[in-house]
Amino acid sequence: MREKTLTMDTLNPQVKAVEYAVRGPIVIKAGEIERCLEEGGTKPFSEVIKANIGDAHAMGQQPITFLRQVVALCTFPELMESPSFPEDAKWRARRILQGCGGHSLGSYSASAGVEYIRKDIAAYIEQRDEGVPSNWEDIYLTTGASDGIMTILRLLVSGKDSSRTGVMIPIPQYPLYSAAISEMDAVQVNYYLDEDNCWALDINELHRAYQAAKQHCQPRVICIINPGNPTGQVQSKKCIEEVLHFAYEENLFVMSDEVYQDNVYAPDCQFHSFKKVLYEMGPEYYNSVELASFHSTSKGYTGECGFRGGYMEVINMDPEVKAQLVKLLSVRLCPPLSGQAAMDVIVNPPQPDEHSYQQFHQEKSSVLGALAEKAKLTEEILNAVPGIKCNPVQGAMYAFPRIFIPPKAMEEAKTLGMQPDMLYCLRLLEETGICVVPGSGFGQKDGTYHFRMTILPSKEKLKVLLGKLRDFHVSFLKEYSALE
Ligand SMILES: Cc1ncc(COP(=O)(O)O)c(C=O)c1O
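Everything numeric in this text was worked out from a predicted model, so none of it was measured.

Asker: How do you make sense of the overall build of the protein when you look at a structure like this?
Answerer: Scanning the protein for helices and strands turns up 17 helices and 14 strands. Scaling as 2.2 N^0.38, a compact globule of 484 residues should have a C-alpha radius of gyration of about 23 Å, and the protein matches this with 23 Å. Projected onto its principal axes, the C-alpha positions of the protein cover 70 × 65 × 60 Å.

Okay, structure coming up:
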């Protein structure tokens, strides 16, 4: 028989090196268990509760009506005649369609996105940042934030051996970063967030990581996730200033992942954009530090992950490099137009004097209010369990509690050739139907163990989940401690 050309031996080794825990072995197992339950199999539970991925709609969150109205009108313009759709949605849809080739959402747009939408985004950023100017030509629509992050990293990765690009990323991190670094064969430079200090970013740790990395690579970029995934912290303005000062001093390109900018729950925390803080540091910084910041339709109060909408704002990029960026973006033609339309609604929502405002405002507040309540509930219930310690969920959509794993369980995991927190999460899934992701998939300090769970299930489901988790944890501790 003719041999295959593409085998594990000929596969791009960089692809082999990629790991992505959020959809990894635990999730595959959860799928198998779900199928088994559907086919009438018996388990000690009746459903799998998926708290592994930040996919709000999959967990039952309802779409924001206004966003769907505008996208529906753009998709099927005959609906403009329908009295069921409000004028303010029709007006926005007409405007978006005016920017599309042939007035159709089915056309390609310019590679950087529809010009109207880029202008709306720039206006939104100016308003969000209280007047800090934003130039629409610095805005690029993307296919979710992931696409923007990958594109910017692609520009930055170069060099060989000790001049290979080092990419500084937080640990714990969202595994898109480690996966992209593996795929591009860049050098991952870890800086550890301070768990004892609410996962704050410690500037001394940045210096340590940078100096250590310089021995074997050329750190060229620092990535920040604020609010944090999986750690749920919201960075203070002072901390952002320190990071930007560090980037300025060390000539680092800054990538600021701000996809959770609307997800801030702790009353004493506030979202500060890197762009605004940079501006406030004065022209010497504002006119020189190269910064790309990312936003998305997937998170916030809309949770429209499937639209694959997003944008990046890129400032202080060398004009010749910018031309290369545009070239690279052109190769993939353009991001989905439906995602661009969804992004436009997020940056241009109904205003208080518009018909749809009240309903929009009520839906938005209800989603964000429920998330804030669930963030608090999760922290409180987890912290009441012996052997679990959870930092406040200040923002984003996740808790990343630290779990105590008895030495006997660690030994068993070693025998089975898996990480202790993988053993923990597998047992949790098999015994309770709860699907969470082991901390090892995000990176963690050696000798510490965690898992990541989302706060997206409904409040009722979340309470059930946390109750089951508590019972499981207590019996896990008993089982392995009794073995000692
Ligand atoms: C921190 C962070 N950045 C980027 C992304 C990617 O989001 P998108 O769906 O916009 O590609 C996610 C998704 O969970 C995320 O948590």
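Next comes the rest of the write-up.
Asker: Can you walk me through helix α5 (residues 115–128) in this structure?
Answerer: Three- or four-residue spacings in an α-helix give side chains the same orientation, since the helix completes a turn every 3.6 residues. Here α5 contains 14 residues, and its C-alpha end-to-end distance of 20 Å stays within 8% of the 20 Å for a straight helix at 1.5 Å per residue. Taken together, the buried positions of α5 are Ile117, Arg118, Asp120, Ile121, Ala122, Tyr124 and Ile125. On its buried side, α5 packs onto α4 (87–98), β2 (139–143), β8 (309–315) and α13 (337–347).

Asker: Would you take a moment to explain the site of the ligand for this structure?
Answerer: Around the ligand lies a shell of 14 residues, among which Gly144, Ala145, Ser146, Ser296 and Ser298 are the nearest. Sorting elements by how many residues they give to the shell around the ligand places helix α6 (residues 144–156) first, with three residues. Broken down by class, the residue content of the shell around the ligand amounts to six nonpolar, seven polar and one charged.

Asker: So what exactly am I meant to see when it comes to the sheet that holds strand β5 (residues 218–225) here?
Answerer: One key point about sheets: their strands pair by backbone hydrogen bonds, in either a parallel or an antiparallel sense. Across the sheet, which stays open at both edges, the seven strands sit in the order β2-β8-β7-β6-β5-β3-β4 with mixed pairing between neighbours. Looking at strand neighbours, the two that pair on one side only are β2 and β4 (187–192), the edges of this open sheet. Each strand axis lies, on average, 25° off the axis of its neighbour in the sheet, ignoring direction. Judged from the six bridges that link them, strand β7 (residues 291–296) and β8 form a sheet pairing that is antiparallel. Residue pairing across strands places His295 opposite Tyr311, the latter belonging to β8.

Asker: For this particular structure, what's the right way to read the pairing of strand β14 (residues 451–454)?
Answerer: Two faces belong to every sheet, and in a regular strand the side chains alternate between them. A two-sided burial pattern is seen for β14, the buried positions comprising Phe451 and Met453 on one face and Arg452 and Thr454 on the other. Where strand β13 (residues 437–438) meets β14, two bridges bridge the pair, whose relative direction is antiparallel. Residue Pro438 lies in a different strand from β14, and its bridge partner there is Phe451.

Asker: Please clarify how the packing of helix α3 (residues 65–75) against α13 should be interpreted in this entry.
Answerer: For the pair α3 and α13, interaxial distance at closest approach is 9 Å and the crossing angle is 140°. As the angle between them shows, α3 and α13 are arranged oblique. In this structure, α3 meets α13 at a crossing whose hand is right-handed. Residues Phe66, Leu67, Val70, Val71, Cys74 and Thr75 of α3 form the contact with α13, whose participating residues are Ser338, Ala341, Ala342 and Val345. A per-class count over the contact of α3 with α13 returns eight nonpolar, two polar and no charged.

Asker: For this particular structure, what's the right way to read the domain arrangement of the protein?
Answerer: Interface size is commonly expressed as the accessible area that is lost once the parts come together. As far as domains go, the protein holds domain 1 (13–60 + 362–482), domain 2 (69–106) and domain 3 (108–347). Placing a centre on the C-alpha atoms of domain 2 and another on those of domain 3 gives a separation of 31 Å. On the side of domain 3, 12 residues touch domain 2, which itself brings 12 residues to the contact. The set of elements that each furnish at least two residues to the side of domain 2 that touches domain 3 consists of α3 and α4. Of the residues assigned to the side of domain 2 that touches domain 3, the class counts are six nonpolar, four polar and two charged.

Asker: Help me understand unusual backbone geometry, please; the structure alone is not making it clear to me.
Answerer: The phi angle of most residues is negative, glycine excepted, and most peptide bonds adopt the trans form. A cis amide bond links Ile171 to the next residue, Pro172, at an omega of 0°. Considering the arrangement of structural elements, one finds Pro172 in the loop between β3 (165–171) and α7 (176–184). Unusually for a residue other than glycine, Asp161 sits at a positive phi of about 45°. When you line up the elements, Asp161 lands in the loop between α6 and β3. Given 9 C-beta atoms within a 10 Å radius, Asp161 is considered exposed.

Asker: Hey, could you run me through the UniProt feature "domain: Aminotransferase class I/classII large" (unreviewed entry) in the protein in this one?
Answerer: The positions that UniProt labels "domain: Aminotransferase class I/classII large" (unreviewed entry) are, in the present scheme, residues 103–468. With 43% helix and 16% strand, residues 103–468 has end C-alpha atoms that lie 52 Å from one another.

Asker: Hey, could you run me through the nonpolar core in this one?
Answerer: Here is a general trend for soluble globular proteins: nonpolar side chains tend to be buried in one another's company. Val70, Val167 and Val254 are the most contacted members of the largest nonpolar core, which has 126 residues in total. Setting aside chain neighbours within four positions, we find Val70 in contact with Ala89, Arg92, Ala93, Ala341 and Val345.

Asker: Could you clarify how one ought to interpret the packing of helix α2 (residues 25–38) against helix α16 (residues 420–432) in this entry?
Answerer: The axes of two packed helices give the description: the angle between them and the distance between them. Between α2 and α16, the shortest axis-to-axis distance is 11 Å and the interhelical angle comes to 15°. One element, α2, and the other, α16, form an angle in the roughly parallel class. By crossing handedness, the relation of α2 to α16 is classed as right-handed. Contacts from Ile26, Lys29, Ala30 and Ile33 of α2 reach α16 at Cys425, Leu426 and Leu429. Within the contact of α2 with α16, the residues separate by chemical class into six nonpolar, no polar and one charged.

Rules of the game
Residues numbered from 1 in each chain as written. Predicted model: local features only at pLDDT ≥ 70, side-chain atom pairs only at ≥ 80, totals over all residues. Helix = DSSP H or I, 4+ residues; strand = E, 2+ residues; numbered from the N terminus. Rg over C-alpha atoms; globule rule 2.2 N^0.38 Å. Expected span 1.5 Å × (residues − 1). Buried ≥ 20, exposed ≤ 12 C-beta atoms within 10 Å, placed from the backbone. Contact = placed C-beta atoms within 7 Å. Near = placed C-beta within 6 Å. Nonpolar A, V, L, I, M, F, W, Y, C, P; charged D, E, K, R; others polar. Pairing = 2+ DSSP bridges. Axes fitted to C-alpha atoms, helices over the stretch in contact; angles between N-to-C directions. Parallel < 35°, antiparallel > 145°, perpendicular 65-115°, else oblique. Left-handed = near helix turned anticlockwise from the far one by under 90°. Domains from an automatic or database assignment. UniProt positions renumbered as here; feature names shortened; annotations may be inferred. Core = buried A, V, L, I, M, F, W, Y, C linked by C-beta atoms within 7 Å.

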